[in-house]
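So you can see what is in the structure, the chains are spelled out below.
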Amino acid sequence: MLKAIISFLFLSLFSMWPVTSFAVSSSNGSTAAAGESTMTNSMSSSSSSSSSSSSSIAIVGCGVLGTSLCIQILSYPELESIKVWAITKTRNNHESIKEAVGENPNLNIVTMDDVSPETKFDNVIFCAPPSGSDDYPGDVKYAVDNLWCGPDKGRFVFTSSGGIYGPGNGEVVNESSPLPESTMASPRSLRLVKAEENVLSGNGCVLRLAGLYTLDRGAHNYWLEKSGGIVKGSKDGIINLLHYDDAAGACLAALVTENDVRGQIFLISDGNPTTRIGICESALKAKRYGGLEMPSFGADDDATAGKGKIYDGTFTNSFLKW
């Protein structure tokens, strides 16, 4: 199994962004090795009423994060009998998913339209983003009510965003920190909050993820190549990060932990908050971004961008053994 671009050679250059450990491990050094022995206990009771989904995991919105999750799930000997359904909106990326994961008889790559109304799955990981959906909270609720067998059979994991805490003013936030009033929240955050409510009311769990990245994706890529050389917000604004592979590992940890995740909210990051300028300085050391220039940043008192937040995932790391 690849680590964060052992799996991210980009990070090997970055002393301020240490590579987090593989799969069900986190920057705190703990692992869910014990989870391998409890994995069967967490999932073996699943026996779906659908003939095609017994001992199954559906990954709804199988993009970069979902593909990494497929690789990690199918690489676990304890999950060798689990059927993984990679569900996408279109067939556009099916070949790239298959190429990344490799041939595996336990992997089914389908579109949502291919899934019959009678089919339900023991475990569901919903990692489709809000973009491209006319009714994102409704799509999430549909998955909870119609794709999942329910909490007596398995687990529903929803990947949300730490961005719902708002711009921040340099404060520390954790899983129980209050969210901004609806009048102060962005439309995207409001959709995520409602989607979270639909998951939690159905006894699923929520993972609020920090800013996701790979070498070619993330804030650094946008700022250096697509922003026109101008970055909104102060150069010292705080940013929390998470590699896609580690985000997938956190999803897996939520599936296999022996602790009861029903109705729980988790906050996932690499535990190493940095700054906008720090991100760019590190990225410019990589060959991929060689020759590019440092962008300009907004004013230090730009209230619209905020000073950022520091994620405290102490509870999550302990609860998920991540």
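Anything mentioned here points back to the structure above.
Note on numbering: residues in each chain are counted from 1, in written sequence order. In view of the model being predicted, local features appear only for residues whose pLDDT reaches at least 70, and side-chain atom pairs are presented and counted only at 80 or more, with totals across whole chains, interfaces and linings using the full set of residues. Values shown for side chains rest on all heavy atoms present in the structure; no hydrogens or waters enter the calculation.

**As for unusual backbone geometry**
Although it is not a glycine, Asn-203 adopts a positive phi angle of roughly 70°. Numbering of helices and strands starts at the N terminus; helices are DSSP runs of H or I of at least 4 residues and strands are runs of E of at least 2. With respect to the helices, strands and loops of the structure, Asn-203 is situated in the loop between α7 (187-201) and β7 (205-209). On the basis of relative accessibility, which here comes to 35%, the residue Asn-203 falls in the partly exposed class. Here the phi dihedral of Lys-321 falls at roughly 55°; this positive angle occurs in a residue that is not glycine. Within the element layout of this structure, Lys-321 appears in the segment after α11 (314-320). Note on exposure labels: buried denotes an accessible area under 20% of the residue type's maximum, exposed denotes more than 50%, and partly exposed covers the range between, all computed with a 1.4 Å probe on protein chains only.

**Topic: the sheet that holds strand β2 (residues 83-88)**
Taken together, the seven strands give an open sheet; going across it, the order is β3-β2-β1-β4-β5-β7-β12, and neighbouring strands pair in parallel fashion. Only two strands of the sheet have a single neighbouring strand rather than two, namely β3 (107-111) and β12 (265-268). Across this sheet, the average inter-strand angle for adjacent strands is 20°, counted without regard to direction. Pairing of β7 with β12 involves four bridges; the strand directions are parallel. Each bridged residue has a counterpart across the sheet, and for Leu-207 the counterpart in β12 is Phe-266. Residues are treated as being in contact if the distance between any of their heavy atoms lies within 4.5 Å. Angular values range over 0 to 180 degrees, each being the angle between N-to-C directions of two axes fitted as lines to C-alpha atoms, with helices fitted over their stretch in contact. Helix α5 (residues 94-101) contacts β2 and β3 of the sheet and is inclined by roughly 165° relative to β3. Relative to the sheet, helix α6 (residues 136-147) contacts β1 (56-60), β4 (123-126) and β5 (156-161), its axis offset from that of β5 by approximately 165°. Between any two strands, at least two bridges found by DSSP are needed for them to pair.

**Some words on the pairing of β7**
Along any regular strand the residues' side chains alternate between the sheet's two faces. Of all the five residues making up β7, five are buried; the element is thus mostly covered by neighbouring parts of the structure. Side chains of β7 alternate between two faces, with Cys-205, Leu-207 and Leu-209 and Val-206 and Arg-208 buried alike. The sheet contact formed by β5 and β7 spans five bridges and is parallel. Bridge pairing links Val-157 to Cys-205 in β7.

**Let's talk about the nonpolar core**
If you look at the biggest cluster of nonpolar residues, it comprises 45 residues, and the most contacted ones within it are Ile-59, Leu-207, Ile-268 and Leu-320. By residue number, the principal contributor to this core is helix α9 (residues 244-256), which donates ten residues. Nonpolar cores were defined as sets of buried Ala, Val, Leu, Ile, Met, Phe, Trp, Tyr and Cys residues, with membership established by side-chain atoms within 4.5 Å. Among the nonpolar cores identified, the runner-up in size contains 24 residues, and Val-115, Ala-143, Leu-192 and Ala-195 belong to it.

**Digging into the packing of aromatic side chains**
Here the aromatic set is Phe, Tyr and Trp, taking the six-membered ring for Trp, and pairing holds for ring centres within 6.5 Å; pairs whose planes are under 30 degrees apart are stacked, those over 60 apart are edge-to-face, and all others are tilted. By the definition in use, this model includes nine aromatic pairs. With 5.6 Å between their ring centres and 55° between their planes, Trp-148 and Phe-156 make a pair best called tilted. The exposure classification of Trp-148 matches that of Phe-156, with both residues buried. Feature note: the residues Phe-126, Tyr-136 and Phe-158 constitute an aromatic cluster, connected by ring pairs.

**Overview of α5**
Each full turn of the α-helix corresponds to 3.6 residues, which orients residues three or four apart in the same direction. Taken as a whole, α5 has its buried residues at His-94, Ile-97 and Val-101. Along the axis of α5, the buried residues cluster in a sector spanning 65°; they form a single face. Turned more than 90 degrees off the buried face of α5, the exposed positions are Glu-95 and Glu-99. Lining the buried residues of α5 we find α4 (64-74), β2 and β3. Each C-beta atom gives one direction from the helix axis, and the arc is the one those directions make.

**Considering the environment of Ser-234**
In this fold, Ser-234 is placed in the loop between β9 (230-231) and β10 (238-239). For Ser-234, a relative accessible area of 9% puts it in the buried group. Distance from Ser-234 to Gly-306, taken between C-alpha atoms, is 8.1 Å for residues 72 residues apart in sequence. With near-sequence residues (within four places) excluded, Ser-234 lies in contact with Arg-276, Phe-297, Gly-298, Ala-299 and Asp-300.

**Remarks on the pattern of salt bridges**
Put simply, a salt bridge is a Lys or Arg side-chain nitrogen that is within 4 Å of an Asp or Glu carboxyl oxygen. As enumerated under the stated definition, the model contains ten salt bridges in all. Lys-98 serves as the salt-bridge partner of Glu-95, at 3.9 Å between the closest nitrogen and oxygen. Within this pair, Glu-95 and its partner Lys-98 are both found in helix α5, separated by three residues, close to a single helical turn. With relative accessibility at 56%, the residue Glu-95 sits in the exposed group. Note that Lys-235 is salt-bridged to Asp-236, the shortest N-O span being 3.8 Å. Lys-235 sits in the partly exposed class, given a relative accessible area of 33%. If you follow the salt bridges from partner to partner, you end up with Asp-216, Glu-225 and Arg-288 in one network.

**A short note on the side chain of Ser-227**
Following the sequence through the fold, Ser-227 ends up in the loop between α8 (219-225) and β9. Polar contact is defined as a pair of N or O atoms within 3.5 Å, subject to the rule that within protein one atom must be able to donate a hydrogen and the other to accept it, and that residues adjacent in sequence are counted only when both atoms are side-chain atoms. Among the polar contacts made by the side chain of Ser-227, one reaches the main-chain carbonyl oxygen of Ile-230 at a distance of 3.5 Å.

**Topic: the side chain of Asp-122**
One can find Asp-122 in the loop between β3 and β4. Think of it this way: Lys and Arg go in the positive column, Asp and Glu in the negative one, and His and the chain ends go nowhere. Although Asp-122 lies buried, it forms no salt bridge, and the closest oppositely charged side chain, Lys-153, sits 6.4 Å away as judged by the N-O distance. A distance of 2.9 Å separates a polar side-chain atom of Asp-122 from the backbone nitrogen of Ser-56.

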